[in-house]
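# Breakdown of the fold
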Amino acid sequence: MKRVAYAPPKVNLFLHVTGKRPDGYHSLESLVCFPRGGDELTLTEDESQLQLFETGPYAAQTGCQSRNLVMQAADLLKRKYSVSNGARLLLQKNLPVASGIGGGSADAAAALLLLNEAWGLNLSKETLGEIGLTLGADVPVCLLQQTAMMRGIGEQITPVANGPACAILLVNPGISISTPDIFKALTLSDNTPDCPRFENLDFEQFIEALDACRNDLQPVAVDLAPDIQTVLNKINDTEGCRLARMSGSGATCFGLYKTVPEAEKARAELLDSNPAWWTLASHFPSLDHPDDQ
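Below is a summary of the structure that appears in this document. Keep in mind that this is a model prediction, so the values were computed, not measured.

### Structural notes on helix H1 (residues 69–80)
- Along its twelve residues, H1 runs 16 Å from first to last C-alpha, staying within 8% of the 16 Å computed at 1.5 Å per residue.
- Those residues of H1 that sit buried are Leu69, Val70, Met71, Ala73, Ala74, Leu76, Leu77 and Lys78.
- Tucked inside the fold, the buried residues of H1 contact strand S4 (39–46), strand S5 (50–55), strand S6 (86–92), helix H2 (103–118) and helix H3 (125–133).
- Of the residues that open H1, the one with a side-chain oxygen 2.8 Å from the backbone nitrogen of valine 70 is asparagine 68.

See below:
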């Protein structure tokens, strides 16, 4: 029996670094969304072996299997609950690797969801989230796959109710940036904006609330990789763009639009002059079923 799960990109619509903890991790405050599209994970039941196969345009960038978060998630679940069965996992890797949109974490979340069902573990999403947090701070929110506020190191998650439909354009110029280098170069600011509320807003109110926020990692990333500012400028210059910002620690940037045709037109315009860039025109919120991926 085959099972399929989708792993959409996780986009940080804003990201405030609110402090540094005694254990060295940074405390964050971020609104994240999950546009439709992304990676796809297919599970075929196996009586004994646990195997991972990868395909897709970014499969070659994922590195050795022992470090792949899909295999780490599967191994962890198998050992923790003494599962005797295996599984054959096929990852269609459509999202760029290490690009600030949580691709690996989304893949790990998809693996936890599929294996929980295939192995009959019947674990709650809360329990899966606790397991996922040991793999990465973004895994719990990637299990949720809906617009939400993240706080702490990612373990404090509050879904955002009744948010507006937004179109979004994601752009990655193929730049690789080290997240540890970003945080190493970061100077903490005492001027952290008060976080606005995002529930029950229409599109214009949503954009206004986001505009009062920022990505604290963006200036550091631009210093390390100035081409990111070029990408942001080009997105911002497209017709209908209401907000352009970097996601996470980069280098993926995004633009928000009122309609999907506006985002698709902007995507075509940018690809015309920058054909090597990775782009995705999409929307959020997104329904969790195959026809919406």
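### Some words on the nonpolar core
- The biggest cluster of nonpolar side chains holds 40 residues, and the ones touching the most others in it are Leu41, Leu77, Leu112 and Trp119.
- For this core, the element with the most residues is H2, which contributes nine residues.
- In contact with leucine 41, other than residues within four places in its own chain, are Arg3, Val4, Ala5, Val70, Leu89, Leu90, Leu91, Asp107, Ala110, Ala111 and Leu114.

### Focus: the environment of glutamate 29
- With respect to the helices and strands, glutamate 29 occurs in strand S3 (residues 26–33).
- Taking the relative accessible area as the measure of exposure, glutamate 29 reaches 12% and is therefore buried.
- Taking the C-alpha atoms as reference, glutamate 29 lies 8.1 Å from phenylalanine 14; in sequence the two are 15 residues apart.
- Within polar-contact distance, the side chain of glutamate 29 engages the side chain of arginine 151 at 3.5 Å.

Conventions we followed
- Residues numbered from 1 in each chain as written.
- Predicted model: local features only at pLDDT ≥ 70, side-chain atom pairs only at ≥ 80, totals over all residues.
- Heavy atoms only, no water.
- Helix = DSSP H or I, 4+ residues; strand = E, 2+ residues; numbered from the N terminus.
- Expected span 1.5 Å × (residues − 1).
- Buried < 20%, exposed > 50% of the residue type's maximum accessible area, 1.4 Å probe, protein only.
- Contact = heavy atoms within 4.5 Å.
- Polar contact = N/O pair within 3.5 Å; in protein donor to acceptor, adjacent residues only side chain to side chain.
- Core = buried A, V, L, I, M, F, W, Y, C linked by side-chain atoms within 4.5 Å.

Bear in mind that shape data such as this cannot, by itself, settle questions of function.
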